[in-house]
Each structure stands twice: as structure tokens, then as C-alpha cells.
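Breakdown of the fold
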Amino acid sequence: ALVVFVAVAGIVAGPFNGLLSEAVEARLAGVPPPRFSLAALLRGFALGVTHGIRRLMVAVLAFALVFSLGFIPVVGAIGGLALGFYISARGAAYDCYGAVLARRDLPYRDKLAFLAQHRRRTLGLGAGVTAMLFVPVVNLVALGLGTAGATMAVRELEK
């Protein structure tokens, strides 16, 4: 369920994470944040939904795999838990990094390539966000904190 939850949460939080990432980057650059634009919010929402649906389809397939592992006694349950956490962490990393990478006009495939190229960094952030999603009340700010961290990481990598 967490695998699917992370994908759906990413769809809902996507446009707001984009605005947050924009504000964080402006503050780091020492410039005033851009003015609110409804058109930009709607564009971000449309892009987020499109990419989110793709991720949701992958999450459903991953859920089926994790669920089927549960039928293998002992090892399957442990393997399913580990695989489910990995898939959720990767999804959370995509949601966090997706906000800043979308503003750089990277297509879906290039975002996935970025996650693969910087696997340790992105999975570390994704695992932290996934863990925060388990904690009531903290889960309300988990994707926002992850987005702020991802924005700072991308700026550091660009230097």
C-alpha cells in the first residue's frame, strides 16, 4: 500500500512542491522569489499528473510483485518488505527531485536517468522521506522537506 500511496501523494503534492522548489532556489540565489502564477501552477499540475500516472502504473506492477513475494514462506515476506521499501524510496526520490528537474524542462526519461546517475544521493533522500511518511503528522511535511533538500542537492551538483 505504501508503494501506491507514495505515487498518489506525489501526484497531489507535485505542483506545490514545484512552487516550494522555486522559492528555495530563489532564496539560495539571493533573488526575490518569482511572483505566483496560476498558469505555472496549472502547467505543473498537468505535468505532475502525467508523470504521476506513469509512476502509478509502475507502482501497481511493483505492488503485484511485492504481493506475490509474500507467498514464499519467510524469505518472501522479508524480501517483499525490502523491495517495497526500495520502490517507495525511489518513488519518493522521484517526487522530490521531480519538482526541481521539471523546472529545468527535463522529460520523464531524463529525470529517471538523473536518479540512476546519482543513485546513492537520491535514494538516501527518498529513503528518509519514505521513513517520514510512516510518522503521523510528520508525513504531512515529508515531501516538502524532501523537495527542499532535492533543490539544494541539484544546485550543489550543478556547481
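A brief structural summary. (Residues numbered from 1 in each chain as written. Predicted model: local features only at pLDDT ≥ 70, side-chain atom pairs only at ≥ 80, totals over all residues. Heavy atoms only, no water.)

**What about the pattern of salt bridges?**
Two side chains bearing opposite charge may form a pair once their charged atoms approach each other closely. Selection criterion: Basic side-chain nitrogens of Lys or Arg form a salt bridge, by our definition, when they fall within 4 Å of a carboxyl oxygen of Asp or Glu. Here a helix means four or more residues in a row that DSSP labels H or I, a strand means two or more in a row labelled E, and each is numbered from the N terminus. Residue exposure (1.4 Å probe, protein chains only): buried if accessible area is under 20% of the type maximum, exposed if over 50%, otherwise partly exposed.
Applying the stated criterion across every chain, the model contains five salt bridges. Of the charged contacts, one joins Glu25 and Arg104 as a salt bridge, the two residues approaching to 2.5 Å between their closest N and O atoms. Taken together, the residues span a long stretch of sequence, with Glu25 in helix 1 (residues 2-29) and Arg104 in the loop between helix 3 (75-102) and helix 4 (108-117) at a distance of 79 residues. We note a salt bridge from Arg104 to Glu158, for which the minimum N-O separation is 2.5 Å. Here Arg104, found in the loop between helix 3 and helix 4, pairs with Glu158, found in helix 6 (residues 142-158); they are 54 residues apart in sequence, far enough to count as distant. Exposure remark for Arg104: the relative accessible area of 26% places this residue in the partly exposed category. Owing to a relative accessible area of 49%, Glu158 belongs among the partly exposed residues under this scheme. Taken together, the shared-partner salt bridges connect Glu25, Arg103, Arg104, Arg155 and Glu158 into one network.

**Concerning the packing of helix 3 against helix 5 (residues 119-133)**
Rules: All axes are obtained by fitting lines to C-alpha atoms, using only the stretch in contact for helices, and the reported angles, taken between N-to-C directions, cover 0 to 180 degrees. What sets the label is the angle itself: under 35 degrees gives roughly parallel, over 145 gives roughly antiparallel, 65 to 115 gives roughly perpendicular, and the rest give oblique. Throughout, a contact is declared for two residues whenever any of their heavy atoms are within 4.5 Å.
Between helix 3 and helix 5, the least distance of the axes is 7 Å, while the angle of their chain directions is 105°. If you check the angle between helix 3 and helix 5, you find them roughly perpendicular. Residue-level contacts link Phe85, Tyr86, Ser88, Ala89, Arg90, Ala92, Ala93, Cys96 and Tyr97 of helix 3 to Arg119, Arg121, Thr122, Leu123, Leu125, Gly126, Ala127, Val129, Thr130 and Ala131 of helix 5.

**Looking at the environment of Gly128**
Mapped onto the secondary structure, Gly128 falls in helix 5. Sequence separation of Gly128 and Leu115 is 13 residues, and the distance between their C-alpha atoms is 15 Å.

**Side note on the environment of Thr122**
Short version of the rule: The definition of a polar contact used here is a pair of N or O atoms within 3.5 Å, where within protein one atom must be able to donate a hydrogen and the other to accept one, and adjacent residues in sequence count solely through side-chain atom pairs.
Here Thr122 shows up in helix 5. Note on Thr122: relative accessible area 2%, which makes it buried. Through-space distance from the C-alpha of Thr122 to that of Pro15 is 20 Å; in sequence the pair is 107 residues apart. In this structure, Thr122 is in contact with Ala93, Tyr97, Phe114 and Leu115, ignoring residues within four places of it in sequence. There is a polar contact of 3.2 Å between the side chain of Thr122 and the backbone oxygen of Leu115.

**Observations concerning the environment of Pro107**
With respect to the element layout, Pro107 can be found in the loop between helix 3 and helix 4. Taking the relative accessible area as the measure of exposure, Pro107 reaches 44% and is therefore partly exposed.

**Some points on a nonpolar patch on the surface**
To keep things clear, this is the line we draw: Patch rule: a residue counts if its relative accessible area is over 30% and it has no salt bridge; like charges are joined within 9 Å, and nonpolar side chains (Val, Leu, Ile, Met, Phe, Trp, Tyr) within 5 Å. The Shrake-Rupley method, run with a 1.4 Å probe, gives the accessible areas here. Residue values count only the displayed protein chains as cover.
The grouping of Phe85, Phe134, Val135, Val137, Val138, Leu140, Val141 and Leu145 at the surface amounts to a nonpolar patch, some 760 Å² of accessible area in total. Relative to the helices and strands, Phe134 resides in the loop between helix 5 and helix 6.

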